[in-house]
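# Structural description and commentary
Below, each chain spelled out in residue letters.
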Amino acid sequence: MRSFILLIALSLFIGCASSPQYAAMPRKTYRTDGQNERNKKDNTPVDKRVIIYNAYVSLKVKNSDSANAALKAIAEKNGGYAMSLGDERAEIRVKAELLNDALLALHTVGKVTSKTVSGRDVTDEFYDTQIRLDNAKKARQRYLELLQKAENVETTLKVEKELERLNGEIDSFEGQINRLEHLSAYSTLTIRLKEKEKLGILGYVFVGAYKGIAWLFVR
């Protein structure tokens, strides 16, 4: 009975500890010259921010197969890898600090007709998840200690059920953190491929005639 009461009290305590109000603990305030308006209001230092950069590019190429091979080589040269390659669309990832180098290299593959680079700040999401992970690990440790003191099967089963739930939460939080870390370390380039239109026989005839007429008037 005493273990059961202790279990209830511990559950209430852990529930309060893992609530958003408890997790949102204040952080130390930093000031850095040259910060933008958002960072001036935020208390996270600039070099600790977690930002995901992605690029979207439209590329006109002669042949999609050779373009895919070139894109794969660009990804590997810039510390990344190819996620998907296709006739009309390709996705590669490169080291975030080498994103500009990879974008410049695309000009050697074909003609860049459009380009967009975007950034998403996930700093709050990253650190909030980290706090929740730490709280869940502390709660698991308390339940492990309580499991050692369980005096009957009923209490043991209840503690083991809570441990199973906490283990699931911990795995989920760790997965979220690993995903954010990876996406901030590697930038994703989404490339839309379009092959250049090839002229038929008559097309070459008209092009030849046009060049011949132009030669007569312009030298």
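Everything below is about the structure shown above.
## Points about the overall build of the protein chain
The secondary structure content of the protein chain amounts to 8 helices and 5 strands. Mapped in sequence order, the helices and strands of the protein chain form the string α-α-α-β-α-β-β-α-β-α-α-β-α. For the protein chain, the proportion of its 219 residues judged to be buried stands at 31%. Counting contacts in the protein chain only where the partners sit at least 6 residues apart, residues at least 24 apart contribute 76% of the total.

## Overview of the nonpolar core
If you look at the biggest cluster of nonpolar residues, it comprises 19 residues, and the most contacted ones within it are Leu71, Leu103, Leu106, Leu189 and Ile191. Among the secondary structure elements, those contributing two or more residues to this core are strand E1 (51–61), helix H4 (64–77), strand E3 (89–95), helix H5 (99–105) and strand E5 (186–195). Those residues within four positions of Leu106 in sequence are excluded, and the remaining contacts are Val57, Leu59, Leu71, Ile74, Val112 and Leu189. Ranked by size, the runner-up nonpolar core spans 17 residues in total, among them Ile52, Ala136, Leu163 and Leu183.

## Structural notes on the pattern of salt bridges
Enumeration according to the criterion identifies 6 salt bridges in this entry. Between Arg165 and Glu162 there is a salt bridge, with its nearest N and O atoms 2.8 Å apart. Of this pair, Arg165 and Glu162 both sit in helix H7 (residues 153–185), 3 residues apart, which is roughly one turn of that helix. For Glu169, the salt bridge identified is with Arg165, shortest N-O distance 2.9 Å. Of this pair, Glu169 and Arg165 both sit in helix H7, 4 residues apart, which is roughly one turn of the helix. For Glu169, a relative accessible area of 29% puts it in the partly exposed group. Linked by salt bridges that have partners in common, Glu162, Arg165 and Glu169 make up one network.

## Some words on the pairing of E5
When you tally the buried positions in E5, you get 7 out of 10 residues, the bulk of the element. In this sheet, E5 lies alongside E1 in parallel orientation, the contact comprising 8 bridges. Each bridged residue has a counterpart across the sheet, and for Leu59 the counterpart in E5 is Leu193. As paired elements, E3 and E5 share 7 bridges and run antiparallel to each other. Among the inter-strand pairings, Arg93 is bridged to a residue of E5, identified as Thr188.

## Quick word on H7
The terminal C-alpha atoms of H7, which comprises 33 residues, lie 47 Å apart, in line with the 48 Å expected from a rise of 1.5 Å per residue. If you check which residues of H7 are buried, you get Thr155, Val159, Leu163, Leu166, Ile170, Phe173, Ile177, Leu180 and Leu183.

## Focus on the side chain of Ser58
Of note, Ser58 is situated in strand E1. By relative accessible area, Ser58 is classed as buried at 11%. A distance of 2.9 Å separates the side chain of Ser58 from the side chain of Ser114, its partner in a polar contact. Excluding residues within four positions of it along the chain, Ser58 makes contact with Lys111, Val112, Thr113, Ser114 and Arg192.

## Some thoughts on the sheet that holds E1
Strands sit in the order E2-E3-E5-E1-E4 across an open sheet of 5 strands; the sheet is mixed. For this open sheet the edge positions go to strand E2 (81–84) and strand E4 (111–121), each flanked by a neighbour on one side alone. Direction aside, neighbouring strands of the sheet carry axes that sit 20 degrees apart on average. Two elements, E2 and E3, share 3 bridges in a ladder whose sense is antiparallel. What sits directly across from Ala82, in E3, is Ile92. Of the strands in this sheet, E1, E2, E3 and E5 touch H7, which is tilted by about 60 degrees from E5.

## Considerations on H4
Between the first and last C-alpha of H4 there are 20 Å, a value that for 14 residues agrees with the 20 Å anticipated at 1.5 Å per step. Considered for burial, the residues of H4 that qualify are Ser64, Ala67, Asn68, Leu71, Ile74 and Ala75. All buried residues of H4 project into a common sector of 120 degrees when viewed along the axis, lining one side. Along H4, the residues that are exposed and aim more than 90 degrees away from the buried face are Asp65 and Lys77.

About the cut-offs
- Residues numbered from 1 in each chain as written.
- Predicted model: local features only at pLDDT ≥ 70, side-chain atom pairs only at ≥ 80, totals over all residues.
- Heavy atoms only, no water.
- Helix = DSSP H or I, 4+ residues; strand = E, 2+ residues; numbered from the N terminus.
- Buried < 20%, exposed > 50% of the residue type's maximum accessible area, 1.4 Å probe, protein only.
- Contact = heavy atoms within 4.5 Å.
- Core = buried A, V, L, I, M, F, W, Y, C linked by side-chain atoms within 4.5 Å.
- Salt bridge = Lys/Arg side-chain N within 4 Å of Asp/Glu carboxyl O.
- Pairing = 2+ DSSP bridges.
- Expected span 1.5 Å × (residues − 1).
- Polar contact = N/O pair within 3.5 Å; in protein donor to acceptor, adjacent residues only side chain to side chain.
- Axes fitted to C-alpha atoms, helices over the stretch in contact; angles between N-to-C directions.
- Arc of directions from axis to C-beta.

Take it as geometry only, folks, not as evidence of what the structure does.
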